[in-house]
Amino acid sequence: MRKLKNVLVTGGAGFIGSNFIHYLFGKSTSGEKAFEDANFSGRIINVDCLTYAGNGETLEDIDKTFGSGEKDPSKRRYFFEKVNICDRSEIERIFKQYDIDTVVHFAAESHVDRSILGPETFIKTNIFGTYTLLDVARNYWGVSLDNPRDDVLFHHISTDEVYGSLGPTGYFTETTAYDPRSPYSSSKASSDHLVMAYYHTYGLPITLSNCTNNYGPYQFPEKLIPLMILNMQEKKNLPVYGEGKNIRDWIYVEDHNRAVWLILNNGKTGEKYNIGGENEWQNITLLDKLIELTAKETGMNESDIKSTITHVKDRPGHDQRYAIDCTKIKTELGWERKMSFEQGLLLTVKWNLNNKDWINHILSGEYLNWVEKNYSKR
Ligand code: NAD
Ligand code: DAU
C-alpha cells in the first residue's frame, strides 16, 4: 500500500475531481452517506484554472473545514491553486512548495460537442497540459529507468472513448486497440500515449484508468443527464441526438472515485485499468427513466414532459456504443460497483432539483465573483 502524503489533484473544481476530493475527506456529495470512508490522512493541493466547467463554490465546505478555515497552518489539509496546467513555471512552483508525491490528473476539456465546435483548447489542455505535468513530475522526482522510485505516483484519468465505437456486442478491455473518433477522444488518447511513453522511456511511475460515463452531483448541465433535468424544469425541449439509440455505460461518480482510490493505493505501476458501470442504456430509455423520476419528484405531468422530446440532428461521428469489461480491476484490486442505477439516478435527480443556486451560478459565470472574493491573485 502506497503512502500518499501530498496529493496534487488537477481539475478538482470540476465534476469528478470535486467529488473525488469530497470522497477523500469523507464527505458525501449526495447528502446521503453511501460508502465507507477512504481513510485518507494526507494533504490535497487542488490545481484548477476554473474554466467554464470549474466552480470553486463546490469545495466551499471542504475549504472551511480543511483549508482556509483551519486556523492552525500545520493542520491545514486542503489548498487551492488557481493555475493552468500548461503553465510550467507555476506547476514547478507547486511541486516544490508542497513537495508533491502523488498526482491525480483529472483536469481536461471534457465535452465532446465542444471539441467538435472548437478543438484547440482540447489540444492545449489535454495534450500539452498533460505533457507539462508529466515532465515537471519526472524532473522534480528525479526518476529515470536507472533511478526508479516506488514512493511517488502519477495517476492519469482517462475515458473509454479512446477505444472508439462498439457494435451491438463485445466489450472494451485494457488491450483493445485505440480508435478515437472525436477531437476530444483523440486528445485523451494522445495524453494516454504520453503517459505510457513517460513510463517506458523515463521510468516515471504511472497508473492509468479509462472509465465510462459518470453521473452524480455537480455535473455541468451540458452533459446528457443534468441538461435533461434542467430543461424539464424550464419546460424546454429535450434534444435527443438522432434516433436516441446510442448506448452508454453509466457509473455513479463515487464508484469511479473509489476505483481511483484503490488504484492509487494498490494499483501496479505501469498498468492501466478499465472502470465501468456494467450498466448499459440507450439514451432514449435513460431519458424515459429521468422523466419518470423528475415528474414524481416535482409533481409535473409525465406525458407533458414526454411531449417535449425533440429528435435533433445527430452528433457528427457519434459513437454508437461504449461498454467496458472491468474484470481486471475487480479481480486484481477487489473493486466492485456499489451504487444501483435506480438509487444513483434518484439521488442525482434530487440533487439537481435541490441545487438550483449552484446550477445558476455555474451557468452564469457568477461563481467567478466568489473566486475573486476568496482568492486574491498571486
Ligand atoms: P469537467 O469538465 O467537469 O471538469 C474539468 C475541470 O478541469 C474543471 O474544473 C476545469 O476548470 C479544469 N480545467 C480544464 N482545463 C484546465 C487547465 N488547462 N488547467 C487547469 N484546470 C483545467 O470534467 P469531468 O467530467 O469532471 O472529467 C474529469 C476527467 O475525467 C477528465 O479527464 C475526463 O476526460 C475524464 N472522464 C470523464 C468522464 C465523464 O463521464 N465525465 C468519464 C470518463 C473520464
Ligand atoms: O464515456 C466517457 C465520456 O462520457 C467522457 O469521457 C466524457 O468526458 C463525457 O462527456 C461523456 O461523453 P458523452 O459524449 O458520452 O456524454 P454526453 O453527456 O455528452 O452524451 C451522452 C449521450 O447522450 C451521447 O450518446 C450523446 C447524447 N446526447 C447528449 C446531449 C448533451 C443527446 O442525445 N442529447 C444531448 O443534448
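Scroll up for the structure.
Everything numeric here is computed off the predicted structure, so don't read it as measured data. (Residues numbered from 1 in each chain as written. Chains lettered and ligands numbered in written order. Predicted model: local features only at pLDDT ≥ 70, side-chain atom pairs only at ≥ 80, totals over all residues. Heavy atoms only, no water.)

1. As for the site of ligand 1
Phase 1: The full set close to ligand 1 counts 28 residues, and Ile16, Asp48, Ser110, Tyr184 and Lys188 are the nearest of them.
Phase 2: One of the backbone nitrogen or oxygen atoms of Phe15 is found 3.1 Å away from an oxygen atom of ligand 1.
Phase 3: For ligand 1, an oxygen atom lies 2.9 Å from a polar atom in the backbone of Phe106.
Phase 4: The fraction of the free accessible surface of ligand 1 (840 Å²) that becomes covered by protein chains is 97%.
Phase 5: Tallying contributions element by element places strand β5 (residues 153-159) first for the shell around ligand 1, with three residues.
Phase 6: Classifying every residue of the shell around ligand 1 gives 14 nonpolar, twelve polar and two charged. (Near = heavy atom within 4 Å. Polar contact = N/O pair within 3.5 Å; in protein donor to acceptor, adjacent residues only side chain to side chain. Areas by Shrake-Rupley, 256 points an atom, 1.4 Å probe, with all protein chains shown as cover. Helix = DSSP H or I, 4+ residues; strand = E, 2+ residues; numbered from the N terminus. Nonpolar A, V, L, I, M, F, W, Y, C, P; charged D, E, K, R; others polar.)

2. Looking at the pattern of salt bridges
Phase 1: In total, this model carries 19 salt bridges according to the counting rule given.
Phase 2: The salt bridge involving Glu81 is made with Arg93; its shortest N-O contact spans 2.9 Å. Of the two residues, Glu81 is situated in strand β3 (residues 78-81) and Arg93 in helix α3 (residues 88-98); the sequence distance between them amounts to twelve residues.
Phase 3: With its nearest N and O atoms 3.5 Å apart, the salt bridge here joins Arg138 to Asp135. Linking Arg138 with Asp135, this pair stays in helix α5 (residues 120-141), spanning three residues, or about one helical turn.
Phase 4: The network of salt bridges with common partners includes Arg88, Glu92, Asp135 and Arg138. (Salt bridge = Lys/Arg side-chain N within 4 Å of Asp/Glu carboxyl O.)

3. Re the pairing of strand β8 (residues 238-241)
Phase 1: Side chains Leu238 and Val240 project from β8 onto a buried face, and the interleaved Pro239 and Tyr241 project onto a face without burial.
Phase 2: Bridge count between β8 and strand β12 (residues 309-312): four bridges; the pairing is parallel. Residue pairing in the sheet places Tyr241 in a bridge with Val312 of β12. (Buried < 20%, exposed > 50% of the residue type's maximum accessible area, 1.4 Å probe, protein only. Pairing = 2+ DSSP bridges.)

4. Let's talk about unusual backbone geometry
Phase 1: In this model, Leu50 sits at a positive phi of 55°, which is unusual for a non-glycine residue.
Phase 2: Along the chain, Leu50 falls in the loop between β2 (43-47) and α2 (60-66).
Phase 3: Even without being glycine, Tyr218 reaches a positive phi, approximately 70°.

5. Some points on the state of the cysteines
Phase 1: Taken as a whole, this structure holds zero disulfides when the rule is applied.
Phase 2: The structure places no disulfide on Cys211, whose sulfur is separated from the nearest cysteine sulfur, that of Cys326, by 9.0 Å. (Disulfide = S-S within 2.5 Å.)

6. Observations regarding the packing of aromatic side chains
Phase 1: Tallied over the entire structure, the rule returns 20 aromatic pairs.
Phase 2: With a centroid separation of 6.4 Å and 85° between ring planes, the pair formed by Phe122 and Tyr184 is classed as edge-to-face. You can see Phe122 sitting in helix α5 and its partner Tyr184 sitting in helix α6 (residues 183-202), a full 62 residues away along the chain. Neither Phe122 nor Tyr184 differs from the other in exposure class; each is buried.
Phase 3: Aromatic pair Tyr163 and Tyr178: ring centres 5.5 Å apart, planes at 85°, arrangement edge-to-face. You can see Tyr163 sitting in the loop between β5 and α6 and its partner Tyr178 sitting in the loop between β5 and α6, a full 15 residues away along the chain.
Phase 4: An aromatic cluster is present here, built from Phe25, Phe40, Phe66 and Trp261 joined pairwise through their rings.
Phase 5: Above the face of the Tyr52 ring, Arg114 is positioned so that its terminal group lies 3.5 Å from the ring centre. (Phe/Tyr/Trp six-rings, centres within 6.5 Å; stacked < 30°, edge-to-face > 60°. Lys NZ or Arg CZ within 6 Å of the ring centre and 35° of its normal.)

7. Description of the sheet that holds strand β4 (residues 102-105)
Phase 1: With respect to topology, seven strands assemble into an open sheet ordered β3-β2-β1-β4-β5-β6-β10, the strand pairing being parallel. Bordering the open sheet on either side are β3 and β10 (272-275), each of which pairs with just one other strand. The mean angle between the axes of side-by-side strands here comes to 20°, regardless of whether they run parallel or antiparallel.
Phase 2: Here four bridges tie β2 to β3, and the two strands are oriented parallel to one another. Within β3, the residue paired with Val47 across the bridge is Glu81.
Phase 3: Relative to β2, helix α1 (residues 15-24) is tilted by about 170°, and along the sheet it contacts β1 (6-10), β2, β3 and β4.
Phase 4: Against the sheet, helix α8 (residues 253-266) contacts β4, β5, β6 (206-211) and β10, and its axis sits at roughly 150° relative to β5. (Axes fitted to C-alpha atoms, helices over the stretch in contact; angles between N-to-C directions. Contact = heavy atoms within 4.5 Å.)

8. Points about the side chain of Thr132
Phase 1: Following the sequence through the fold, Thr132 ends up in helix α5.
Phase 2: Not counting chain neighbours up to four residues away, the residues in contact with Thr132 comprise Ile85, Cys86 and Arg88.

9. Description of the site of ligand 2
Phase 1: Around ligand 2 lies a shell of 23 residues, among which Ser110, Asp160, Tyr184, Arg315 and His318 are the nearest.
Phase 2: Here an oxygen atom of ligand 2 and a backbone polar atom of Tyr241 are 2.9 Å apart.
Phase 3: His318 is positioned with one of its side-chain polar atoms (N or O) 2.7 Å from an oxygen atom of ligand 2.
Phase 4: Compared with its free state, where it exposes 700 Å², ligand 2 has 94% of that area covered by protein.

10. Some remarks on the packing of α1 against α8
Phase 1: The geometry of α1 relative to α8 is characterised by a closest axis approach of 9 Å and an angle of 65° between their N-to-C directions. Here α8 runs roughly perpendicular to α1, going by the angle between their axes. α8 is crossed by α1, and the crossing has right-handed handedness. Counting all contacts with α1, which are made through Phe15, Ile16, Asn19, Phe20, Tyr23 and Leu24, the residues of α8 involved are Val253, Glu254, His256, Asn257, Arg258, Val260, Trp261 and Leu264. (Parallel < 35°, antiparallel > 145°, perpendicular 65-115°, else oblique. Left-handed = near helix turned anticlockwise from the far one by under 90°.)

Spatial relationships are all this shows, so hold off on functional conclusions.
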